[in-house]
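The lines below spell out each chain.
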Amino acid sequence: MKTTMIDLSKPIQYNAGDPWFMRVKIKHKSHRKSHWLIRLILGLPSKLFPKNWTGWADDTIKNMGLHATTHIDAPWHYGPVVEGKPAKTIDQIPLEWCYGDGIVIDCTHKEDFVAITVDDLKKDLDKNGIIIQEGNIVLIRTDRDQLMGTSDFVEKGTGMSREATEWLIDQGVKVMGIDQWGWDLPLKYMAKKAKELNDPEFFWEGHRVGIEKEYLHIEQLTNLKALPPSGFKVCVFPLKIVGGSAAPARVVAMMGE
């Protein structure tokens, strides 16, 4: 049976809508420029260059906030200690966690600034006759990926409540993801609301579950609308950044295996 690959990753490129301190900046070096570098640094004269070859292309990432890409957060991102033990950095994540049967839970009905609840998750799972199994990778579809590249992508969105996050972990889910800027409600909204409520527990409540229960989540997924509710595999291997709080990942769904 032929396997169909569906890319769930955001292109890594400059986006004016990203926060200024996280905007990706890539410098592309032309074949012609490397020609001069090879001559200067390696001392290879032009007459000894292979025929019909100018030089190699090269690129340098001059700035890239790891959390400005499709990425997976490590437990270290949430806090230095998880479950009373030193939190894992991204290079310490077991790769076995990053490949498994996928489930999409449709939460596109949720309005901006309204958190996703356990009831929201259960209703969609029941509608599709899905029971979460240990090791499943659960993806939360909000369709906010359509805002990518705009300032609204950071400013708007729903988000996972503490209770909904805990519930997924309690079902045996180690890795989960969402197709909006962050796992929680938008940052500015949470800060504003925490001040209004005078509630120190409100801010970043979904992320902070990871201080008590070890789990990972993927942020800024895209194209979840192309997936069925279940019946596919997910691969979400992060770059091996030593000591990293997160890492970009090429997240791919595979159907027909």
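Everything numeric in this text was worked out from a predicted model, so none of it was measured.

(A) Structural context of the packing of helix α3 (residues 118-127) against helix α5 (residues 162-170). Where α3 contacts α5, the axes come no closer than 8 Å and their chain directions differ by 50 degrees. As the angle between them shows, α3 and α5 are arranged oblique. In this structure, α3 uses V118, L121, K122 and L125 to contact α5, whose residues at the interface are E163, A164, W167 and L168. A class-by-class count of the residues in the contact of α3 with α5 yields six nonpolar, no polar and two charged.

(B) Structural view of the pairing of strand β15 (residues 252-255). One ladder, built from four bridges, connects strand β1 (residues 4-7) with β15; its direction is antiparallel. The residue of β15 that forms the bridge with T4 is M255. Strand direction decides the pairing type here: strand β13 (residues 232-235) and β15, joined by three bridges, are antiparallel. Bridged to V234 within β15 is A253.

(C) Examining the layout of surface pockets more closely. By volume, the largest pocket is sized at about 420 Å³. Lining the largest pocket we find 27 residues, and of these P19, M22, V154, W181 and L187 sit closest to its centre. Elements represented by at least two residues in the lining of the largest pocket include exactly α4 (152-155) and α6 (187-197). A per-class count over the lining of the largest pocket returns 12 nonpolar, nine polar and six charged.

(D) Structural context of the nonpolar core. In terms of nonpolar packing, the biggest core is built from 24 residues, with L8, L139, V175, I218, L227, V236 and V251 touching the most fellow members. When residues of this core are traced back to their parent elements, those giving at least two are β9 (137-141), β12 (216-219) and β13. If we ignore the near neighbours within four places in the chain, the residues touching V236 are I72, C98, I137, V175, I218, A249 and V251. Counting residues in each nonpolar core, the second largest holds 23 residues, with I130, I132, I169 and M176 among its members.

(E) Geometry of the sheet that holds β15. One open sheet accounts for nine strands, arranged β1-β15-β13-β7-β9-β11-β12-β4-β14; its pairing is mixed. At either margin of the open sheet sits one strand with a lone partner, and together these are β1 and β14 (246-248). Neighbour-to-neighbour, the strand axes of the sheet open up by a mean angle of 30 degrees, direction not taken into account. Sheet topology note: the strand β11 (residues 175-178)/β12 ladder contains three bridges and is parallel. In the sheet register, M176 faces β12, and the bridge partner there is H217.

(F) Spotlight on the environment of M22. Take M22: it is sitting in the loop between β1 and β2 (25-29). A relative accessible area of 11% means that M22 is categorised as buried. It is 12 Å that separates the C-alpha atoms of M22 and I61, two residues lying 39 residues apart in sequence.

(G) Quick look at the packing of aromatic side chains. Applying the stated criterion across every chain yields a total of six aromatic pairs. Summarising the aromatic geometry, the rings of W53 and W56 are spaced 6.1 Å apart at their centres and angled 55 degrees between planes, so their arrangement reads as tilted. By relative accessible area, which is 34% here, W53 ends up partly exposed. Classification of W56 by relative accessible area gives partly exposed; the value is 45%. Members of the aromatic cluster, each reached through a chain of ring pairs, are F49, W53 and W56.

Rules used throughout
- Residues numbered from 1 in each chain as written.
- Predicted model: local features only at pLDDT ≥ 70, side-chain atom pairs only at ≥ 80, totals over all residues.
- Heavy atoms only, no water.
- Axes fitted to C-alpha atoms, helices over the stretch in contact; angles between N-to-C directions.
- Helix = DSSP H or I, 4+ residues; strand = E, 2+ residues; numbered from the N terminus.
- Parallel < 35°, antiparallel > 145°, perpendicular 65-115°, else oblique.
- Contact = heavy atoms within 4.5 Å.
- Nonpolar A, V, L, I, M, F, W, Y, C, P; charged D, E, K, R; others polar.
- Pairing = 2+ DSSP bridges.
- 1 Å grid on protein atoms, 1.4 Å probe; cavity = no way out; pocket = protein on both sides within 12 Å on 5 of 7 lines; lining within 4 Å.
- Points joined across faces, edges and corners; volume = space filled by probe spheres on them.
- Core = buried A, V, L, I, M, F, W, Y, C linked by side-chain atoms within 4.5 Å.
- Buried < 20%, exposed > 50% of the residue type's maximum accessible area, 1.4 Å probe, protein only.
- Phe/Tyr/Trp six-rings, centres within 6.5 Å; stacked < 30°, edge-to-face > 60°.

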